[in-house]
Amino acid sequence: MEDNINNNASQDVENIADGEVADLLLGSFLILFMMVGIPTNLLSFSYFLTRDKGTVHDTLYLIATISDLCVLTAAFGPVTILINEAGDRSPLIFENPYICTAWALFFVTSARFSLFVPAVISTLRALAIHAPYYTVKKTTVVGCCLGYVVCIAIIDITFLSMKATKAVYKHSHAVCLFDFIGTVGRNFAIFVYAEQIAALLIITINLIISVIPLLRKPKTPSKSPRNLRDVAVTITIFTAVCVFCNTPLMITVILVITNTFSTLGDCTRFYLRMVCYIVMTVLNSALNPCVYLTRMPGLRKWAGNCRSSLGSFMQSKADSFRDTTVRDASAAGEESGTQAVN
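Rules used in this analysis
- Residues numbered from 1 in each chain as written.
- Predicted model: local features only at pLDDT ≥ 70, side-chain atom pairs only at ≥ 80, totals over all residues.
- Heavy atoms only, no water.
- Salt bridge = Lys/Arg side-chain N within 4 Å of Asp/Glu carboxyl O.
- Buried < 20%, exposed > 50% of the residue type's maximum accessible area, 1.4 Å probe, protein only.
- Helix = DSSP H or I, 4+ residues; strand = E, 2+ residues; numbered from the N terminus.
- Core = buried A, V, L, I, M, F, W, Y, C linked by side-chain atoms within 4.5 Å.
- Contact = heavy atoms within 4.5 Å.
- Disulfide = S-S within 2.5 Å.
- Patch = residues over 30% accessible without salt bridge, like charges linked within 9 Å, V, L, I, M, F, W, Y side chains within 5 Å.
- Areas by Shrake-Rupley, 256 points an atom, 1.4 Å probe, with all protein chains shown as cover.
- Expected span 1.5 Å × (residues − 1).
- Phe/Tyr/Trp six-rings, centres within 6.5 Å; stacked < 30°, edge-to-face > 60°.

A.B. asks: Could you give an account of the pattern of salt bridges, naming the residues involved and the relevant values?
C.D. replies: Under the criterion given, the structure shown has 5 salt bridges. For Asp 179, the salt bridge identified is with Lys 170, shortest N-O distance 2.5 Å. Each of the two residues, Asp 179 as well as Lys 170, counts as buried. The closest approach of N and O atoms between Asp 230 and Arg 295, which form a salt bridge, is 4.0 Å. Here Asp 230, found in helix H8 (residues 223–257), pairs with Arg 295, found in helix H9 (residues 266–295); they are 65 residues apart in sequence, far enough to count as distant. Salt bridges linked by common partners bring Arg 112, Asp 156 and Glu 195 together as one network.

A.B. asks: Got a sec to walk through the nonpolar core? Specific residues and values, please.
C.D. replies: One finds Leu 30, Phe 33, Phe 107, Met 274, Tyr 277, Ile 278 and Val 282 to be the most contacted residues of the largest nonpolar core, which totals 58 residues. In terms of residues, this core owes the most to one element, H9, which gives 12 residues. Once residues within four sequence positions are removed from consideration, Leu 30 is found in contact with Pro 78, Val 79, Leu 82, Met 274, Ile 278, Val 279 and Val 282. Listed in part, the 23 residues of the second largest apolar core include Tyr 47, Phe 116, Leu 124 and Cys 145.

A.B. asks: I'd like a rundown of the state of the cysteines, residues and numbers included.
C.D. replies: Applying the stated rule across the entire model yields 1 disulfide. The partner cysteine of Cys 100 in its disulfide is Cys 176, sulfur to sulfur 2.1 Å. Taking the sign of the S-S torsion, about -120 degrees here, the bridge from Cys 100 to Cys 176 comes out left-handed. Taken as a pair, Cys 100 in helix H5 (residues 97–130) and Cys 176 in strand S2 (residues 175–180) lie far apart in primary sequence, 76 residues in all. Cys 176 shares its class with Cys 100; the two are buried.

A.B. asks: Describe a nonpolar patch on the surface, with residues and values.
C.D. replies: Residues Leu 24, Ile 31, Met 35 and Ile 83 make up a contiguous nonpolar surface patch of roughly 330 Å² in combined accessible area. Tallying contributions element by element places helix H2 (residues 19–50) first for the nonpolar patch, with 3 residues.

A.B. asks: Any details on helix H6 (residues 138–161)? Residues and values, ideally.
C.D. replies: Taking 1.5 Å per residue as the helical rise, H6 with its 24 residues ought to reach 34 Å, and the 35 Å between its terminal C-alpha atoms agrees with that figure. Those residues of H6 not exposed but buried are Val 141, Cys 145, Tyr 148, Ile 152, Asp 156 and Phe 159. Along its buried surface, H6 packs onto helix H3 (56–74), H5, strand S1 (165–170) and helix H7 (182–215). Following H6 by one or two positions, Lys 163 has its phi on the positive side, about 60 degrees.

A.B. asks: Tell me about the packing of aromatic side chains, and name the residues and values.
C.D. replies: In this structure the tally under the stated criterion is 20 aromatic pairs. With centroids separated by 5.6 Å and ring planes inclined at 75 degrees, the aromatic side chains of Tyr 61 and Phe 238 adopt a geometry described as edge-to-face. Remark: Phe 238 occurs in helix H8 and Tyr 61 occurs in helix H3; sequence separation between them is 177 residues. What makes Tyr 61 buried here is its relative accessible area of 4%. Centre to centre, the rings of Phe 270 and Tyr 271 are 5.1 Å apart; their planes meet at 90 degrees, and the pair counts as edge-to-face. Side by side, Phe 270 and Tyr 271 carry an identical accessibility label, which is buried.

So, in structure tokens, the structure goes:
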């Protein structure tokens with residue numbers, strides 16, 4: 001990131017001690033996050049998709065699962081390099097400029113969108129606290145999210161065509177990211193970083209606004225307020241996870257903008273980029289469905305029903321196969337017996 005702001009050549013650190021072990025460890029963590037995140041996000045996506053009368057937040061959770069699946073899918077790129085080229089981090093498939101550009105667009109858009117969705121969810125929660133009778137339509141939320149994705153994709157492609165940005169392979173990240181070229185590119189870089197910082201600030205402020213009412217003891221123990229409180233706790237945990245996973249990246253961005261990042265040690269700078277921007281982003285996408293599963297009884301019940309249905313289906317298929325095998329064996333035995341008698 002620092003080389004993007006200053007438009008300098010990449011200053012990746014080479015021959016760092018125990019680099020192979022560190023890369024294998026980072027790759028193993030990413031594989032673990034993918035093994036947890038992809039199945040649980042697919043399960044959550046199916047659940048939110050089948051809810052006929054879901055709330056606005058259910059729609060946003062559905063959109064969040066799509067964003068998280070995109071981030072987790074993109075993690076196959078750095079995993080391949082960290083595991084197969086540990087310590088060296090050769091670009092492999094990223095040597096192809098078209099693959100490099102496509103991956104950078106896909107991951108950067110997914111990562112920015114994965115920060116945008118929690119900002120919307122936390123804002124709606126804060127709005128519900130201060131204006132409980134104000135409602136937001138699902139179509140408005142979906143249109144806002146789609147508009148954001150289309151907008152940032154068009155902007156990124158436009159700056160690529162203007163050659164103000166260029167996708168290049170970064171050894172420090174083990175992936176392709178954008179370099180910002182010239183005055184226009186540097187201004188665009190500041191805009192992107194400012195957008196990320198603003199999104200995290202919005203999420204953090206809304207998180208504080210949401211936590212304060214939860215610290216108060218509910219006045220009435222009726223069922224309806226408890227359900228609303230459970231929803232509020234779920235949203236609060238969801239946004240807290242987002243703040244936890246993205247704060248290291250925002251601190252790194254601030255260090256870069258203030259020209260403080262270069263004062264850190266070479267090894268620290270080298271691995272801090274990878275951990276903050278890649279590993280923590282993938283971790284956030286893996287933790288989100290875990291929040292859904294632990295906080296939503298409806299999702300757990302739906303998942304249990306799916307498992308029971310799948311078990312019954314597999315059992316019926318096994319019984320059918322066994323009956324067919326026994327029938328065929330009996331028929332073969334009778335046929336061989338008849339031939340022996342003749």
